[in-house]
Amino acid sequence: MDFLTASVSRATDIAIVTHTHPDGDAMGCSIALLCWLESIGKKAGIVLDDRYPESLEFMVGEYGSRITVSEEEPGKAAAALRNCDLIFCLDLNSIERTESLAEHIAANRCPKILVDHHLNPAVGQFSAIFSETGISSASELLYNVLLAVPGIDSDARKIPLKAAEALLTGMTTDTNNFANSVYPSTFRMASELLAAGVDRDRILSDLYMNYRENRFRLLGRLLDRNLRITAEGAAYIIIDADTYREFDIREGETEGFVNMPLGIKNVRMSILLKEEKDRFRVSVRSKKGVSANRFAAEYFNGGGHELASGGKLLKGSGFDGGVRELEEYLKKSIEDFFEKETI
Ligand SMILES: [Mn+2]
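What you see as residue numbers is a count from 1 along each chain, following the sequence as written. The model is predicted, so local features are restricted to residues of pLDDT at least 70 and side-chain atom pairs to those at 80 or more, both for listing and for counting; the totals for chains, interfaces and linings are taken over all residues. As a rule here, side-chain values come from all non-hydrogen atoms in the structure, and water together with hydrogens is ignored.

Q: Would you explain the coordination of the manganese ion in this entry?
A: Tetrahedral coordination by four donors sets the ideal angle at the metal to 109.5 degrees; octahedral coordination by six donors sets it to 90 or 180 degrees. Only Asp25 (OD), Asp91 (OD), His117 (NE2) and Asp174 (OD) from the protein coordinate the manganese ion, and they sit 2.1 to 2.4 Å from it. One chain supplies every donor for the manganese ion, spaced along it as D-x65-D-x25-H-x56-D. A residue pair is termed long-range when its members are at least 10 positions apart, and Asp25 in helix H2 (residues 24–39) and Asp174 in helix H7 (residues 161–174) qualify at 149 residues. Metal donors were taken as nitrogen, oxygen and sulfur atoms no farther than 2.8 Å from the ion, or 3.2 Å where the ion is Na, K or Ca. Water is excluded, so coordination may look unfinished. By the criteria applied, helices consist of DSSP H or I runs no shorter than four residues and strands consist of E runs no shorter than two, each listed in order from the N terminus.

Here it is in C-alpha cells:
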C-alpha cells in the first residue's frame, strides 16, 4: 500500500491498461481508478488494445476523451505507454493479455502495479502486486485498495461517486449480477456503495434492459440450431463469422450467452466459440468440480478462473482454420479433457 501511495504521489503521467476485448469489469475498474487519480489532481489516461463495447458507453461517458485505443491510434497508444512514469495493470494476470500493448509496457522501465483476480499472475512483470482470486472481480479488489489509500480512510463515501458507480458496475458484470463468484466481501462492497449513494437501479437498467433486438434474435437461433451437448455433459455453441454478419452483431453483444447452457441439468461445462478474422475466441464456464480453467489452458491457450475462463485458437494452428475442423478439434478436446478429469 505504501508503495502504491508513494508511486502515485511521485508520478506525473499515469497510464492504466487492462486486457484486450475489455469487459465490464476491465472498464469498470479502469474508469474508477482514472476517476480517483484525477480527483487527487493526477494526470492519467487509459490505454486499450481494442475498443470497449458500445454497451458500456453509459459508464465511460466523459472519460472517453482520456481513453486511447491502440487498434485505432497505434502511434498515440505507444507514445502514451512510452512517456508515462507509472502503469497500473488491471484485471489481467500477465501483460501479454493486453496483446499489442505488451511490448510497449515491457519497454517502459517505470513502476508497474497489478490489481487482478485471475489465477497465476506473472509476478516478475510487476513492481507491486495486488492479486486475490477469492474475490468477485478486479473492481472489488480495486475497491478495497482505494479504501486503504490516505484520504479515503476506509470510508466508501469518500470515493468519488462516478468511481463508485464504475466499481459497482464492474462487480455486477463479473458476477453476472450476483450469480457467481460472490463472497461475503462482495455483498459488503455492494452494501457500502449503495449507502454511499450509488444508483444500482440505473446501473442495472443500463446493463440489462438496454440491448438491441438483434442479440435476442441471434440467441434464439443459437439455442435452436447451434447448441450441441456431448455425452460427457459439455455444451458448446459455435458462432461463425457469417452468422455474426447476418445478425449484425457488435462486440459485447454475445456477453452472457455462454452461461445459459449451464442451466441444463446434465451440463457440466459450457463452451462458446466465436469466429474472428484470424482466430477463434473461446469462453468456458463450468459447474463446481469441473475446471474451466484447465480446459481453456490445455486446449485453447488461455485460462482465467477455475469456473470461468477464456482463450483463443489462431487460425492455421493445428487445423486449417475452418469451422468444421474447429468442431472436430473441440470434440476431441472435450473427450480428452473428461478422460483426465478425475474429480
Ligand atoms: Mn474480471
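Q: So what exactly am I meant to see when it comes to the pattern of salt bridges here?
A: In a structure, side chains of opposite charge can pair up when their charged atoms sit close to one another. Think of a salt bridge as a Lys or Arg side-chain nitrogen and an Asp or Glu carboxyl oxygen that are within 4 Å of each other. What the rule picks out here adds up to 24 salt bridges. Across the pair Arg212 and Asp248 runs a salt bridge, and its minimum N-O distance is 3.4 Å. Separated by 36 residues along the polypeptide, Arg212 in the loop between helix H9 (200–208) and helix H10 (213–226) and Asp248 in the loop between helix H11 (241–246) and strand S9 (269–275) bring together distant segments of the chain. The cut-offs for exposure are 20% and 50% of the maximum accessible area for each residue type, with area from a 1.4 Å probe on protein chains only; residues under the lower value are buried, those over the upper are exposed, and the others partly exposed. The exposure class assigned to Arg212 is partly exposed, which follows from its relative accessible area of 22%.

Q: Teacher, can you tell me more about the side chain of His117 here?
A: Residue placement: His117 occurs in the loop between strand S5 (112–116) and strand S6 (128–131). Exposure remark for His117: the relative accessible area of 2% places this residue in the buried category. Two N or O atoms count as a polar contact when they lie within 3.5 Å, although within protein this holds only if one can serve as hydrogen donor and the other as acceptor, and sequence-adjacent residues are included solely when both atoms are side-chain atoms. Of the polar contacts made by the side chain of His117, one reaches the side chain of Asp91; its length is 3.1 Å. A polar side-chain atom of His117 sits 3.2 Å from a polar atom in the side chain of Asp174.

Q: Please explain the sheet that holds strand S1 (residues 14–18) as it appears in this structure.
A: Pairing between sheet strands relies on hydrogen bonds along the backbone, with the strands arranged either parallel or antiparallel. The 6 strands lie next to each other as S3-S2-S1-S4-S5-S6, forming an open sheet whose pairing is parallel. Two strands lie at the open edges of the sheet, namely strand S3 (67–69) and S6, each paired on one side alone. Geometrically, the sheet is characterised by an average inter-axis angle of 20° between neighbouring strands, direction not taken into account. In this sheet, strand S2 (residues 44–48) lies alongside S1 in parallel orientation, the contact comprising 4 bridges. Bridge assignment links Ile14 to a residue of S2, and that residue is Ala44. Contacts between residues were defined by any pair of non-hydrogen atoms, one from each residue, lying within 4.5 Å. Axes here mean lines fitted to C-alpha atoms, for a helix over just the part in contact, with angles spanning 0 to 180 degrees between N-to-C directions. The strands touched by H2 are S1, S2, S3 and strand S4 (86–90); relative to S2, the strand with the most contacts, the crossing angle is about 160°. Where helix H6 (residues 138–148) meets the sheet, it contacts S5 and S6, and its direction lies at approximately 120° from that of S5. Two strands are counted as paired when DSSP detects at least two bridges linking them.

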